[in-house]
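Residues per chain, in single letters:
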Amino acid sequence: MPDRTECYQTSESVAPFIRLETPRERIALPYTTLLGVTLSVDETTLALDFADRQVTVRGKRLHEVFCALARGRVEAVFARPSTDELLAGPANTAPMVAEIRISLLDRGDASD
């Protein structure tokens, strides 16, 4: 059974898709089109490079999410900005996703 935290859901086995959910949209992208994942040094930004899209995940303490993505075990990432994060203060050690941005890549004309 998948383990679910506030901002992401994992699977015991490799997930075929990554579901990205925000208050405004939901999309599922296949892992087979994921070309790379980058985590910023301060662990606040994840960049997921897909064949036709760029996904930017912003939050806090995203190292755990990064590691699960690298293993292909993330089934879903949820943008859940919360005032609880402010109340929890520095004692909160769980990952938190405040924003997910999904952009189509502009392929342009290959003959340029």
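### A word on the confidence of the model for the protein
- For the protein, mean pLDDT is 86; residues scoring 70 or higher make up 80% of the total.
- Put simply, helix 2 (residues 83-88) is where the protein has its lowest mean pLDDT, 52, and strand 5 (residues 45-50) is where it has its highest, 98.
- Under a pLDDT of 50 for its full length, residues 1-5 has, in the predicted model, 10 contacts with residues more than four places off or in other chains.

### Details of the side chain of Thr-22
- By the secondary structure assignment, Thr-22 is in the loop between strand 2 (17-21) and strand 3 (26-30).
- When residues no more than four places from it in sequence are discounted, the contact partners of Thr-22 are Ala-79 and Ile-100.

### Section: unusual backbone geometry
- With a phi close to 60°, Glu-43 is a non-glycine residue in the positive phi region.
- Within the secondary structure, Glu-43 is located in the loop between strand 4 (34-39) and strand 5.
- For Glu-43, a relative accessible area of 27% gives the class partly exposed.
- Residues other than glycine seldom take positive phi values, yet Arg-61 does so here, at roughly 50°.
- Mapping Arg-61 onto the fold places it in the loop between strand 6 (53-60) and helix 1 (63-70).

The rules behind these values
- Residues numbered from 1 in each chain as written.
- Predicted model: local features only at pLDDT ≥ 70, side-chain atom pairs only at ≥ 80, totals over all residues.
- Heavy atoms only, no water.
- pLDDT = per-residue confidence, 0-100.
- Helix = DSSP H or I, 4+ residues; strand = E, 2+ residues; numbered from the N terminus.
- Contact = heavy atoms within 4.5 Å.
- Buried < 20%, exposed > 50% of the residue type's maximum accessible area, 1.4 Å probe, protein only.

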